[in-house]
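Survey of secondary and tertiary structure
Chain residues, written in single-letter form:
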Amino acid sequence: MKPLLIRACTLTNAFGQGNDASLAGLRAGHSALRPIDLEEATPPTWIGRVEGVEHVRMPAGLSGYACRNNQLALLALEQDGFMGAVHDAKTRHAPERIGLFLGTSTSGIAATEQAYARHAGDPVLPGGSHEHAKTHNMFATGAFVRERLGLKGPAHVISTACSSSAKAFAAAHRHIQAGLCDAAIVGGVDSLCLTTLYGFNALELLAREPCRPWDRERNGISIGEGAGFALLEPAENGDDGLCLLGYGESSDAYHMSTPHPEGLWAARAMLDALRRAGLAPADLDYLNLHATGTRANDQSEDRAVQSVFAGQVACSGTKGGTGHTLGAAGITEALFACMAIEHGFIPGMPHLEHPDPELATRVVRTSRDQRVMRAMSNSLGFGGSNCSLIFGRGGL
Amino acid sequence: MKAHVAGIGLFAPGLESWATGRASLMHRQDYVAAPLTIAAPAICPPNERRRMTSAIRIALQSALQAVASSGLEASAIPTVFASSEGDLDVIHHLCTALTLPGHPVSPTHFHNSVHNAPAGYWHLGQQSHACSTSLSAGDASVAAGLIEALTMLTIEQCPVLLVAYDAPTPARLHARCPIDAPFGMALLLAPATNAMEAPLIAVRPPVVAASGSSMAHPALEALRQGNPAARSLPLLRALALDQRLSVTLPYLDDAFLPIDIEPCC
């Protein structure tokens, strides 16, 4: 496929606001997880919380969008000069020709949770306590970001659980390739809410202690929140910036909340990404694993990675640092993979103490410098939705 | 972007299938919004079928019709599921449980609450490992889903199944998000280059306009306005008439998506 240049990007997550915070956290092998400290009663667990989200003020005229998910989106948009880069893009392309494709799993559901709590005895929620279409609706964050950035092009929000914002890259590629837009902003936003905390708790997939993907003692996920955005344009000859080189998508068709035990279809997504990029497994230097820390997920992904790479690529998973940012995991870890290329290192795996001998894929435990020319990021979600992305320099 | 419409599904009050509903859309018989029985379709093992919510059933009933009438094999076909809200009934149960002592959230409700739950059940039921996307663009969800499906079809040159659905809002949330009637529709789209006895649709770039296509029949117009997925009704009516027609579907902001329909033969 024709590579898409990442003209600008930004990340905000538990490591902090902006790319530098993520880069420093990854290089240091730091974990930003902490014991849960939300105001509401919650299950005992650790979370990857972004400081100060609740204090973000909505811009004038956009106050109806106020909710944690949109506050987090705004906080992220304001880092790394991203808004300026979008402004510049609007001088090159008409706003009608810039697409917007975002991923989220739960949008602003916390607004509805809070309304239910406030009006616990009422058979019908009274009007006025929140604007559903601008907060909880699955497109709400798309509508907010579109309005904040002044975009007029094609847009939708993808919600395929943990693969959502990885699939946003594929949607952007399709829309640009089909001639519907000249550039696209992709990203993902997912914020802490009781639904996911108690939901994963009910499925017995929530770790009581910091998650430890790939560890023999691993026992579940730590939920994090995060947001990230990237501005994509078709790469021109001579561009040597970081590019999306390939993507692959597949469906497990196995079970709603358990991955295929052999990772057959996750492997298919990786192979499809390689095919689109015109690359062989040996051409990759780093694989950012989905590595959530549940027993079944890591085992399934291990089998899939073995079948494609047979141990020939440096692998690590980064959720011990940030927590699992769910619908934002795709963009977060895609941009982590890009940082590995740009800064020449392999991120380590905080909280990993005893690598599981039953997992054949050897992982990098401590961050180390290493030249990375091309990297893959895996996102494998609930409902069996798999997406793999490949990044590298366009000129190579 | 162009495609054949190789199969159509329709599942709404008084429009229980494309086969029976198209006469009402063509005004050959009066439209009556008769109550809809929302049964779980006969795909997936009984355990999974029991867990299907109304929203999932609406989506899958529509999808099944479109595939069956196309004669194509579902297991290789990528899918796009478009829904403005997803499953607010399940969200209502989750948010209620979160206010009760002990927060008794049901694991089944939680896994059904993901926007891609209908897609998950569909691919499971069809044993399809093809790519699938589940999306929302609010009231523009049908148009956005159609665009996404057509980009996939154009680039991969393969059939793509579009399913659009929204379920009625539970009473507690209704004032916040009024969706009155269930509505599901599905289009099995096939590359225009395939020789096929099926109507063609061509999508043009969105245009800003004061208004778009509507339904002349008051009850059908009420249905169209009362459910984001039912915004597709003017397109379905044009396909039912099987004539050279142009319609628009609401897109984002004040824009509309123009669609030209070319009859089958």
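Rules used in this analysis
Residues numbered from 1 in each chain as written. Chains lettered and ligands numbered in written order. Predicted model: local features only at pLDDT ≥ 70, side-chain atom pairs only at ≥ 80, totals over all residues. Heavy atoms only, no water. Helix = DSSP H or I, 4+ residues; strand = E, 2+ residues; numbered from the N terminus. Rg over C-alpha atoms; globule rule 2.2 N^0.38 Å. Contact = heavy atoms within 4.5 Å. Areas by Shrake-Rupley, 256 points an atom, 1.4 Å probe, with all protein chains shown as cover. Lys, Arg positive; Asp, Glu negative; His and termini not counted. Charge placed at Lys NZ, Arg CZ, Asp CG, Glu CD. Axes fitted to C-alpha atoms, helices over the stretch in contact; angles between N-to-C directions. Parallel < 35°, antiparallel > 145°, perpendicular 65-115°, else oblique. Nonpolar A, V, L, I, M, F, W, Y, C, P; charged D, E, K, R; others polar. pLDDT = per-residue confidence, 0-100. Buried < 20%, exposed > 50% of the residue type's maximum accessible area, 1.4 Å probe, protein only. Polar contact = N/O pair within 3.5 Å; in protein donor to acceptor, adjacent residues only side chain to side chain. 1 Å grid on protein atoms, 1.4 Å probe; cavity = no way out; pocket = protein on both sides within 12 Å on 5 of 7 lines; lining within 4 Å. Points joined across faces, edges and corners; volume = space filled by probe spheres on them. Buried area = accessible area lost by both parts, 1.4 Å probe. Salt bridge = Lys/Arg side-chain N within 4 Å of Asp/Glu carboxyl O. Pairing = 2+ DSSP bridges.

Focus on the overall build of chain A
- Per the secondary structure count, chain A includes twelve helices and 16 strands.
- The C-alpha atoms of chain A give 20 Å as radius of gyration, which agrees with the globular expectation for 396 residues (21 Å, within 12%).
- Taking the principal axes of the C-alpha coordinates as reference, chain A spans close to 60 × 50 × 40 Å.
- When contacts within chain A are restricted to residue pairs at least 6 apart in sequence, long-range pairs at least 24 apart make up 79% of them.
- On chain A, roughly 12700 Å² of surface is accessible, and the fraction owed to carbon and sulfur atoms is 47%.
- Distance between charge centroids for chain A: 3 Å, based on 33 positive and 40 negative side chains.

Considerations on the packing of helix 1 (residues 19-28) of chain A against helix 12 (residues 329-343) of chain A
Residues and elements named next belong to chain A.
- One way to put it is that helix 1 packs onto helix 12 with a least axis distance of 11 Å and a crossing angle of 75 degrees. One way to sum up the angle between helix 1 and helix 12 is to call them roughly perpendicular. Listed contacts from helix 12 to Asn-19, Ser-22, Leu-23, Leu-26 and Arg-27 of helix 1 are Phe-336, Met-339 and His-343.
- Class assignment for the residues of the contact of helix 1 with helix 12 results in four nonpolar, three polar and one charged.

Digging into the confidence of the model for chain B
- On average, chain B scores 96 in pLDDT, and the residues at 70 or more come to 100%.
- For this predicted complex, the interface score ipTM comes out at 0.98, alongside a pTM of 0.98.

Focus: the side chain of Gln65(B)
Residues and elements named next belong to chain B.
- One can find Gln-65 in helix 3 (residues 54-70).
- Judged by its relative accessible area of 18%, Gln-65 is buried.
- Of note is the side chain of Gln-65, whose polar atom sits 3.0 Å from the backbone nitrogen of Trp-18.
- Ignoring anything within four residues of it in the chain, the contact list for Gln-65 reads Ile-8, Gly-9, Leu-10, Phe-11, Glu-16, Ser-17 and Trp-18.

Considering empty space enclosed by the protein
- Summed over all chains, the structure comprises three cavities of 30 Å³ or more.
- Forming the walls of the largest cavity are 21 residues, and the residues nearest its centre are Ser105(A), Thr106(A), Met138(A), Ser113(B) and Val114(B).
- With three residues, helix 8 (residues 194-202) of chain A is the single largest residue contributor to the lining of the largest cavity.
- The class makeup of the residues in the lining of the largest cavity is ten nonpolar, nine polar and two charged.
- For the second largest cavity, the calculated volume is near 70 Å³.
- Residue lining of the second largest cavity: Thr160(A), Ser251(A), Gly383(A), Gly384(A), Ser385(A), Asn116(B), Ala119(B), Gly120(B), His123(B), Ser132(B) and Ser134(B), and that is the complete set.
- Class assignment of the residues belonging to the lining of the second largest cavity gives a composition of one nonpolar, ten polar and no charged.

Some points on helix 8 (residues 218-226) of chain B
- Regarding helix 8 of chain B, the residues found buried are Leu220(B), Glu221(B), Leu223(B), Arg224(B) and Gly226(B).
- For helix 8 of chain B, the secondary structure elements touched by its buried residues are helix 1 (18-25), strand 5 (183-191) and helix 9 (233-241) of chain B.

Some remarks on the interface of chain B and chain A
- On the side of chain A, 65 residues touch chain B, which itself brings 54 residues to the contact.
- Each partner contributes to the roughly 4800 Å² buried at the junction of chain B and chain A, and carbon and sulfur atoms together form 62% of this total.
- Counting the contacts that link chain B with chain A gives four salt bridges.
- In this assembly, chain B and chain A are joined by 23 residue pairs in polar contact (both at pLDDT 80 or more).
- Breaking the side of chain B that touches chain A down by element, the ones donating at least two residues are helix 4 (88-97), helix 5 (107-112), helix 6 (117-126), strand 3 (132-136) and helix 7 (141-156) of chain B.
- Counting residues per element, the side of chain B that touches chain A draws most heavily on helix 7 of chain B, at seven residues.
- Here the side of chain B that touches chain A is built from residues that sort into 27 nonpolar, 20 polar and seven charged.
- Note that strand 6 (residues 155-158) of chain A and strand 3 of chain B share two bridges and pair antiparallel. From the neighbouring strand, Val157(A) faces strand 3 of chain B, where its bridge partner is Ser136(B).

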